[in-house]
Structures are given as C-alpha cells and as structure tokens.
Amino acid sequence: MEKDRWAPARLPKYLVAAGFRVAALCPPTNVLVEPRHLEAVFDLHDLHAARRMGRQLVTAMKTFNAQFVIPADESSVAVLHALIRQAPHFADIIPPEQLQILTSSLGHPDRLDGMLYKSVTQQLARKIGVRAPPGGTVASEAEAVELAGRIGFPLYVKQSFSWAGWGVARCETQAEMLMALEEAMARKPGLVKSLVKRMVDRAWFRSDKGIDLQKGIDGAPAMYCVAAVDGHVADRKS
C-alpha cells in the first residue's frame, strides 16, 4: 500500500528461492512490481476503503490460488487485521476459505494486538519473561511524570501503533518528554475525524491505543528476522 517501501521488493527473490510461487497485490506504480520473480501482479486501487480492498484481495487470492498472504508494510498489516477481526462484517466479500488463509497467515484474532501495538507487545514480553526495558502505558501527563520518576531518563515516548521511527521520540529531560507526549496525544483523531473515517470505510487504521514510555537502554542496535508457520520458526528444512 505504501509507495516508498523499498525493502519488501526484495522478498519475492528469496521466496522463489525457498520454493514458492509469488504474486503481488499493490498499486501499479509500487516498487514491488519491478522484481522479475513475480508470476502475477494484481492492481490495488488507491482508494483505501476496507471493503474495496477486501474484494480486490479475494479476487487475487482466488485467481492465483494463494495459500499464504504476506503484508509488505504496516498499513497492509492493519488492513488485514481489520478484515480478520471484523470477519462477520465482511462475510459477504470474504469467503470462509480465504478467511482461513488470512487467519493462518497472520495469526489468531486473539493474538493480533500483540503483533500490532507496541504497548501490548511489551506487556506480553514482560508477562512471559522475555527481557524488556522498564516502562508502561500512560494516559496523562501526571501518569507520565510519575512513571518517568520511577524508570529515569533517558526514555522514549512511543505511540503504540507506529513504525519506521514515526511516533517515537527520545527524551533526555522531563520537559522534552512532556513536549513529545503532547505531540503524540495531538495525533489521536477527534470524534469528527473518526466518524468521517467510518463513513468512507477507512476505520481500519487503528489509533485508539495508548502512548508508552520506555526506558532507554545503552548498547548496539540489533535486529533479527524470522518466519514462522503455525507458531514454529521456519527454516530451509521445514
């Protein structure tokens, strides 16, 4: 869905090398259509209404006989989550077979929040014993000041649903934290904007979750990517 995402354009090459046939559903100008490893490209309309995208997705899945669906950016993740969460509402456009494929591709609806929202991911990590920076979700300046007093500076203010550095601010002082918190709260849509989004069928973009404070941890940045199928990490042998 997002025009300037270059990294996903590398996926088809490696998926083909792993034995998959690959097709893409995206706008015709998206960089994803360039790789020679795609067997088919289906046009995704620029009008990002949930029902329209759901119909286009089902058409592509049926035509290509898709068995897995991989969202290539966070906006696509949010749309697919909305289609799964609100399955009864979309039952007239998403048949049970395609809904099952979406669910197996993205995970059970009860677990989707942990994949989409930083606040829920952090809560889950702490609950199951995965090491995570001290912090928590706040709903007001007073809560932020109290939590910051416990975890100390530097810290990060993070909008729960954000990506690629958007919605994240590093704060060295309480004044910086309060400024970042004010900006994050201002990004939340008001009642009128929320109603308009529903009217044009674009309520899939979730912005109703909280704002997190997270203690800054010294060290070298690191990232590790894996693929999982049915809850198990996949490798070349599987």
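Residues numbered from 1 in each chain as written. Predicted model: local features only at pLDDT ≥ 70, side-chain atom pairs only at ≥ 80, totals over all residues. Heavy atoms only, no water.

### Looking at the overall build of the protein chain
Here is step 1 of the chain: Per the secondary structure count, the protein chain includes 9 helices and 8 strands.
Here is step 2 of the chain: When each of the 238 residues of the protein chain is scored for burial, the buried share is 39%.
Here is step 3 of the chain: Considering only contacts in the protein chain between residues 6 or more positions apart, those separated by 24 or more positions represent 60%.
Here is step 4 of the chain: Counting every atom, the protein chain has about 14,900 Å² of accessible surface; 56% of that belongs to carbon and sulfur. (Helix = DSSP H or I, 4+ residues; strand = E, 2+ residues; numbered from the N terminus. Buried < 20%, exposed > 50% of the residue type's maximum accessible area, 1.4 Å probe, protein only. Contact = heavy atoms within 4.5 Å. Areas by Shrake-Rupley, 256 points an atom, 1.4 Å probe, with all protein chains shown as cover.)

### Quick look at the nonpolar core
Here is step 1 of the chain: If you look at the biggest cluster of nonpolar residues, it comprises 20 residues, and the most contacted ones within it are Met61, Leu80, Leu83 and Leu102.
Here is step 2 of the chain: Residue assignment for this core shows that the elements contributing at least two residues are helix 2 (50–64), helix 3 (74–85) and helix 4 (96–106).
Here is step 3 of the chain: In terms of residue count, the dominant contributor to this core is helix 2 (5 residues).
Here is step 4 of the chain: Excluding anything up to four places from it in sequence, Met61 contacts Ala66, Val69, Gln98, Ile101 and Leu102.
Here is step 5 of the chain: Ala144, Ala148, Val157 and Cys171 belong to the second-largest nonpolar core, a separate cluster that totals 14 residues. (Core = buried A, V, L, I, M, F, W, Y, C linked by side-chain atoms within 4.5 Å.)

### Let's talk about the pattern of salt bridges
Here is step 1 of the chain: Overall, the coordinates contain 5 salt bridges when judged by the stated rule.
Here is step 2 of the chain: A salt bridge links Glu39 to Arg21; its shortest N-O distance comes to 3.1 Å. Separated by 18 residues along the polypeptide, Glu39 in the loop between strand 1 (23–26) and strand 2 (40–43) and Arg21 in the loop between helix 1 (11–17) and strand 1 bring together distant segments of the chain.
Here is step 3 of the chain: Classification of Arg21 by relative accessible area gives exposed; the value is 52%.
Here is step 4 of the chain: The partner of Glu172 in a salt bridge is Arg170, with the nearest N and O atoms 3.0 Å apart. (Salt bridge = Lys/Arg side-chain N within 4 Å of Asp/Glu carboxyl O.)

### With respect to the sheet that holds strand 3 (residues 135–138)
Within a beta sheet, neighbouring strands are joined by backbone hydrogen bonds and run either parallel or antiparallel to one another.
Here is step 1 of the chain: The 4 strands lie next to each other as 3-6-4-5, forming an open sheet whose pairing is antiparallel. The open sheet is flanked by strand 3 and strand 5 (168–171), the only strands paired with a single partner. Strand after strand, the sheet turns through a mean of 20° between neighbouring axes, direction not considered.
Here is step 2 of the chain: Here 4 bridges tie strand 4 (residues 155–159) to strand 5, and the two strands are oriented antiparallel to one another. Counterpart to Val157 in the pairing with strand 5 is Ala169.
Here is step 3 of the chain: Contacts from helix 7 (residues 141–151) reach strand 3, strand 4 and strand 6 (211–215), with the element oriented near 175° to strand 3. (Pairing = 2+ DSSP bridges. Axes fitted to C-alpha atoms, helices over the stretch in contact; angles between N-to-C directions.)

### Concerning the environment of Leu106
Here is step 1 of the chain: Counting through the fold element by element, Leu106 comes out in helix 4.
Here is step 2 of the chain: For the pair formed by Leu106 and Ala228, sequence separation is 122 residues and the distance between their alpha carbons is 10.0 Å.
Here is step 3 of the chain: Sequence-distant contacts of Leu106, defined by excluding residues within four places in its chain, comprise Val69, Pro71, Val77, Leu80, His81, Ile84, Leu112 and Met115.

### Side note on the packing of aromatic side chains
Here is step 1 of the chain: One pass over the structure, following the stated rule, counts 2 aromatic pairs.
Here is step 2 of the chain: Seen from their ring centres, Tyr117 and Phe161 are 6.2 Å apart, and the 75° between their planes marks the pair as edge-to-face. Of this pair, Tyr117 sits in the loop between helix 5 (112–116) and helix 6 (118–128) while Phe161 sits in the loop between strand 4 and strand 5, and the two are 44 residues apart along the sequence. Comparing Tyr117 with Phe161, the two get one shared label, buried.
Here is step 3 of the chain: The ring centre of Phe64 lies 4.6 Å from the NZ or CZ of Arg21, which sits over that ring. (Phe/Tyr/Trp six-rings, centres within 6.5 Å; stacked < 30°, edge-to-face > 60°. Lys NZ or Arg CZ within 6 Å of the ring centre and 35° of its normal.)

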